[in-house]
Amino acid sequence: MTYHINVSKTNVKEFLQIIHSLHRLGVVESYESTRDLVTPGEPLAIDTLLNVLAKSEAEIAEGKCVRITRG
């Protein structure tokens, strides 16, 4: 199951410590930052964007994706 979590910039270090711990325990299978997908100023290939959107839509349709945001 995939979760999208918006983390406050001031709490990234603490969040990553928690994620690393959960990964070591086997609770979290994998994790990545959306910053890993593209660098600022670098164009995102249309095929890549469409693949990300298609995967996300499929996960939402299957109930595998929950979006968690903090305002």
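In this convention, every chain numbers its residues from 1, walking through the sequence in written order. Given that the model is predicted, a residue must reach a pLDDT of at least 70 before its local features are reported, and side-chain atom pairs must reach 80 or more before they are shown or counted; all residues, however, enter totals for whole chains, interfaces and linings. As a rule here, side-chain values cover all heavy atoms of the structure and leave hydrogens and water aside.

**Regarding the overall build of the chain**
In step 1: Counting from the N terminus, the helices are the DSSP runs of H or I reaching at least four residues and the strands are the DSSP runs of E reaching at least two. Along the backbone of the chain there are two helices and two strands.
In step 2: Going residue by residue from the N terminus, the α and β elements of the chain occur as β-α-α-β.
In step 3: Computed by Shrake-Rupley with a 1.4 Å probe, the accessible areas treat only the displayed protein chains as cover when residues are assessed. On the chain, roughly 6400 Å² of surface is accessible, and the fraction owed to carbon and sulfur atoms is 57%.

**Observations concerning helix α1 (residues 12–25)**
In step 1: Between its first and last C-alpha atoms α1 spans 20 Å; for 14 residues at 1.5 Å apiece the expected length is 20 Å, and the two agree.
In step 2: Two residues or fewer after α1 comes G26, characterised by a positive phi angle close to 90°. Expected span of a helix: the number of residues minus one, times 1.5 Å.

**A short note on a nonpolar patch on the surface**
In step 1: On the surface, a nonpolar cluster with roughly 460 Å² of combined accessible area is contributed by L44, I46, L49, L50 and L53.
In step 2: Tracing the backbone through its elements, the reader meets I46 in helix α2 (residues 46–61). Exposure above 30% relative accessible area and no salt bridge define the residues that can form patches, which grow by joining like charges within 9 Å and nonpolar side chains of Val, Leu, Ile, Met, Phe, Trp and Tyr within 5 Å. One speaks of a salt bridge when a side-chain nitrogen belonging to Lys or Arg is within 4 Å of a carboxyl oxygen belonging to Asp or Glu.

**Things to note about the confidence of the model for the chain**
Should the pLDDT be low somewhere, the predicted coordinates at that spot are not to be read in detail.
In step 1: Residue-level confidence of the predictor, termed pLDDT, takes values from 0 up to 100. Here the chain averages 78 in pLDDT, and 80% of its residues register 70 or above.
In step 2: Mean pLDDT across the secondary structure elements of the chain bottoms out at strand β2 (residues 65–68), with 63, and peaks at α1, with 90.

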